[in-house]
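Here are the chains, one letter per residue:
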Amino acid sequence: MTVSGSKVTWLTQDAYDRLKNELDELIENRPVIAAKINDSREEGDLKENGGYHAAREEQGQQEARIRHLQELLRTAKVGEAPADDGIAEPGMVLTVRYDGDDDEENFLLATREEGGEGPLETYSPDSPLGRALLGAKEGETREYSLPNGNSQKVTLVKAVPYSG
């Protein structure tokens, strides 16, 4: 799903609120970074001023995060978790079993921002595993390519909406 060439990210209301709060804090913190740069600049020779360069680096990283969050939130689709229909889609916790392995693995199919800091591993719908499983029904086996060029079969055991 795209809007004006941008990708839409599905977010729960909690995830949206968490990211919006982070964005607000980063924007509020802009004067602090600017003051740090000014204070460091007044310490003298900029070529040998580590504090100045560190503050400028911090400002660059902060501004990049602000732009990323603004774009993410602008294109985000906020809503309830997807339908509990057993079909793999973003916002679902998937239980899978890899071919040749008896153990099952659980993970959230979502972007890193949606997964947050939870205990559950998060895989992107754009990852090879995520792409292979998108749209799969419980019990269905799909195949995807591993980084080493081999292919791996994976069976979707269960798909339930994430409630983080």
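Use the structure listed above.
## Some thoughts on the packing of aromatic side chains
To describe a pair of aromatic rings, one takes the distance between the centres and the angle between the planes.
Part 1: Using the criterion set out here, one finds one aromatic pair in the structure.
Part 2: Where Phe-107 meets Tyr-123, the ring centres are 4.5 Å apart and the plane angle is 75°; that geometry is what we call edge-to-face. Of this pair, Phe-107 sits in strand S6 (residues 104-109) while Tyr-123 sits in strand S7 (residues 122-123), and the two are 16 residues apart along the sequence.
Part 3: By relative accessible area, Tyr-123 is classed as partly exposed at 25%.

## Some details on the packing of helix H1 (residues 13-28) against helix H3 (residues 50-75)
Part 1: Across the interface, H1 lies against H3 with an axial gap of 10 Å and an inter-helix angle of 145°. Handedness of the H1/H3 crossing: left-handed. Across from Tyr-16, Leu-19, Lys-20, Glu-22, Leu-23, Leu-26 and Ile-27 in H1, the residues of H3 making contact are Gln-62, Arg-65, Ile-66, Leu-69, Gln-70, Leu-72 and Leu-73.
Part 2: A class-by-class count of the residues in the contact of H1 with H3 yields nine nonpolar, two polar and three charged.

## Overview of the pattern of salt bridges
Part 1: A complete count under the given rule lists seven salt bridges for this structure.
Part 2: With its nearest N and O atoms 3.1 Å apart, the salt bridge here joins Glu-58 to Lys-36. Placement of the pair is Glu-58 in helix H3 and Lys-36 in helix H2 (residues 30-41), with a sequence separation of 22 residues.
Part 3: For Lys-36, a relative accessible area of 37% corresponds to the partly exposed category.
Part 4: One salt bridge in this structure joins Glu-140 and Arg-142, with 2.7 Å as the shortest N-O distance.

## Remarks on the pairing of S6
Part 1: Bridge count between strand S5 (residues 92-98) and S6: six bridges; the pairing is antiparallel. Considered in S6, the bridge of Thr-95 is made with Asn-106.
Part 2: What sits between the antiparallel neighbours S5 and S6 is a turn of five residues, in which Gly-100 has the positive phi angle 90°.

Criteria and thresholds
Residues numbered from 1 in each chain as written. Predicted model: local features only at pLDDT ≥ 70, side-chain atom pairs only at ≥ 80, totals over all residues. Heavy atoms only, no water. Phe/Tyr/Trp six-rings, centres within 6.5 Å; stacked < 30°, edge-to-face > 60°. Helix = DSSP H or I, 4+ residues; strand = E, 2+ residues; numbered from the N terminus. Buried < 20%, exposed > 50% of the residue type's maximum accessible area, 1.4 Å probe, protein only. Axes fitted to C-alpha atoms, helices over the stretch in contact; angles between N-to-C directions. Left-handed = near helix turned anticlockwise from the far one by under 90°. Contact = heavy atoms within 4.5 Å. Nonpolar A, V, L, I, M, F, W, Y, C, P; charged D, E, K, R; others polar. Salt bridge = Lys/Arg side-chain N within 4 Å of Asp/Glu carboxyl O. Pairing = 2+ DSSP bridges.

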